[in-house]
Amino acid sequence: MHHIGESMTSREAVDNEQEILLKNENSGTDDEPKINYRGWKVMPFIIGNEIFEKLGAIGTLSNLLVYLTTVFNLENITATNIINIFNGSTNFATIIGAFCSDTYFGRYKTLGFCTVASFLVYYFASCLNHYVPFHLFPWVIQGLLVIQLTAAIEKLHPPHCEENTTCKGPTEGQMTFLKTGLGLLLIGAAGIRPCNLAFGADQFNPNTDSGKKGINSFFNWYFFTFTIAQMISLTIIVYIQSNVSWAVGLGIPAALMLLSSVIFFLGSNMYVKVKPSGSPLTSIVQVIVVAAKKRKLKLSEYLYPSLFNYLPPKSVNSKLPYTYQFRFLDKAAIMTPQDQLNPNGSAADPWSLCSMQQVEEVKCLLRVLPIWVSSILYFVVIVQQHTVVVFQALISDRRIGSSNFMIPAASYYVFLMITVAIWLPLYDRKVMPLFQKLTRRDSGITLLQRMGTGIFFSIISMLVSAKVERHRRNLALTEPLGIETRKGVISSMSGMWLIPQLALAGLAEAFMSVAQVEFYYKQFPENMRSMAGSLYYCGHAGSSYLSTLLISTVHQITARSATGNWLPEDLNKGRLDNFYCIIAAIEVVNLGYFLICSQWYRYKGTDSSSTELEKLTQQSERTANGV
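About the thresholds
- Just so you know, the residues in each chain are numbered from 1, in the order the chain's sequence is written.
- Side-chain atom pairs in this predicted model are given and counted only at pLDDT of 80 or more, local residue features only at pLDDT of at least 70, and totals for whole chains, interfaces and linings cover all residues.
- Hydrogens and water are ignored here; the side-chain numbers use all heavy atoms of the structure.
- UniProt positions are given in the numbering used here, feature names are shortened, and annotations may be inferred rather than shown by experiment.
- Counting from the N terminus, the helices are DSSP H or I runs at least four residues long and the strands are E runs at least two residues long.
- When accessible area is computed with a 1.4 Å probe and restricted to protein chains, residues below 20% of their type maximum are described as buried, those above 50% as exposed, and intermediate ones as partly exposed.
- By this rule the span expected of a helix is its residue count minus one, scaled by 1.5 Å.
- The directions from the helix axis to the C-beta atoms form the arc being described.
- Pairs of residues are marked as contacts when any of their non-hydrogen atoms sit within 4.5 Å.
- The salt bridge criterion pairs a side-chain nitrogen of Lys or Arg with a carboxyl oxygen of Asp or Glu, the two atoms within 4 Å.
- Nonpolar side chains (Val, Leu, Ile, Met, Phe, Trp, Tyr) within 5 Å and like charges within 9 Å form the patches, drawn only from residues with over 30% relative accessible area and no salt bridge.
- All accessible areas in this document rest on Shrake-Rupley with a 1.4 Å probe, and a residue is counted as covered only by the protein chains that are shown.

The chain has the name Protein NRT1/ PTR FAMILY 2.11 in an unreviewed UniProt entry, where Arachis hypogaea is given as its organism. Within the UniProt record for the chain, the comment given under Subcellular location (unreviewed entry) is "Membrane".

Here it is in structure tokens:
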């Protein structure tokens, strides 16, 4: 009990010091510039930039799988793994861009740099100086131009593969050139992807009702416009690439990326530009290190009010209430006689004493991680609908009715996007207001409930995919239409049968992805919101790598089995339907895991946490009075 008395005395001194600091801060607020939140007025610039950026990037990447197998003459498994590894690396790189944004540059500068910063790649300048002035273009545009050149210049890709001939694969130099273009795209995406959403949400005042509603709607409308951009890429641009010219079809995205840069800077004078507040990772590491140092102290002797609780006066982070979860971290805030305080109330040595605010911020991150793991498993479904479905479409009847017009194989993914585009405005304008009345919450149903619904639809999507593939394969073996070079006989099944599985996957995305981005944004500390955006993309990255591992493992194991390879070059000789069933089973397990995590999860700053804190404080006061 002596320890409690000492700690509470120190705590009272800190509280008094903080009150003085807060008064001083409030008295000086008149001298600080007032933040002018323009909200929806600046959205045309932010969302416009996003639309043209996505038109450019997706216009190249959406049809890249077909490009690798038809122009670079790569095998299906090789091309699929390259796409998955590239997507995974690109999405994982966002964590670096997010760290630089939150720590050093801020979201505005990071977006500006990755969109327009110029750099002369000397190797390409020396090789292609008379083709393209690379020093005039930003990272992403350089990447798009490099990929476009692999189509425009004959020496940068293998010769065309004729029917009934041995196809010549790409040389080492050709693959190196292509991978370099993908690498330049990676650099641009590393900064653009994690910052765009958070930068848009920064334009709304989070302290007003209209601002909060604006943020909720922003995520839905952001994904809606993003979906429209994908639809245009998957139809018009993919059609030009597949039926007109790869060189022209890959050149259009580069021009769109340049337009994206111009639109972004037109709104520069109106943006709210949140300044970086230093490395948020340092505070996280400090909590872990100090908790480890003080692991032998007994936490039961130190109740919450006796723990060190300091919040910097001008901190961008909101005050977090105490939570019971991960209580072993609370030891980092135990004040010992050796711990000293600065005159302003902060810890003299932050590697020996951390505040409860720091501890609660780390708890926020730890609570999110199990949910994030579930998202990795979920995105495996979307990866298949974006890659393997293309190969299914290539050997299906892609004609529309009795006409000779054929839908490009890579364009079938647009049906997933159409579902998202239809559902999101419907949900925002009709469904959410209904849920708001029923639940009396601003968000309608909770974010975790929306995410769980998305996982459920992903299971149905995989089961339908297995059923459709079984039907396509049977018709290919009994009623073939013709032969696709290097792919096998074409099934007489209409490609329209692929729409139901894609529509179900679209519903899954509409529920899961939008809710997931909003979930990370709201549950992370304010100074880590770019990192929150990167976590969404890191989930995509993990699923890309996991999908690569899953495909390679199934391919290798079944190739040695008596029943034959499930994923051969000719899908008509395989059992892709069984592969889909395996993924469906994984998602069933994932849904159970997600429900357990959701039951355990506590939202940041919820009323229940505040109630627990109030009870704990009252208990501590009674104990202190007893002393």
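Here we come to unusual backbone geometry. Backbone geometry at phenylalanine 326 places phi at a positive 55°, although glycine is not the residue there. By the secondary structure assignment, phenylalanine 326 is in the loop between helix H11 (280-293) and helix H12 (356-386). For phenylalanine 326, a relative accessible area of 22% corresponds to the partly exposed category.

On to H11. Structural remark: α-helix, 3.6 residues per turn; residues separated by three or four positions point the same way. Spanning 14 residues, H11 covers 21 Å between terminal C-alpha atoms, matching the ideal 20 Å at 1.5 Å per step. Here H11 has its buried residues at Pro280, Ser283, Ile284, Gln286, Val287, Val290 and Ala291. Along the axis of H11, the buried positions cluster into a sector of 160°, meaning they face one direction only.

Before going further, it helps to examine the environment of leucine 550. With respect to the helices and strands, the residue leucine 550 is situated in helix H17 (residues 529-559). For the pair leucine 550 and isoleucine 582, spaced 32 residues apart in sequence, the C-alpha separation works out to 9.8 Å. Ignoring any residue separated from it by four or fewer positions in sequence, one finds leucine 550 in contact with Val380, Phe579, Ile583 and Ile586.

On to the pattern of salt bridges. Taken as a whole, this structure holds 12 salt bridges when the rule is applied. Residues aspartate 330 and arginine 327 are paired through a salt bridge, measuring 3.7 Å at the closest nitrogen-oxygen approach. Several salt bridges share partner residues, and in doing so they unite Arg327, Asp330, Glu360 and Lys363 into one network.

Next up on the list: a nonpolar patch on the surface. A grouping of Tyr239, Val244, Ile400, Phe405 and Met496 is seen on the molecular surface, where their side chains present a nonpolar patch of about 430 Å² in accessible area. For valine 244, a relative accessible area of 58% translates into the label exposed.

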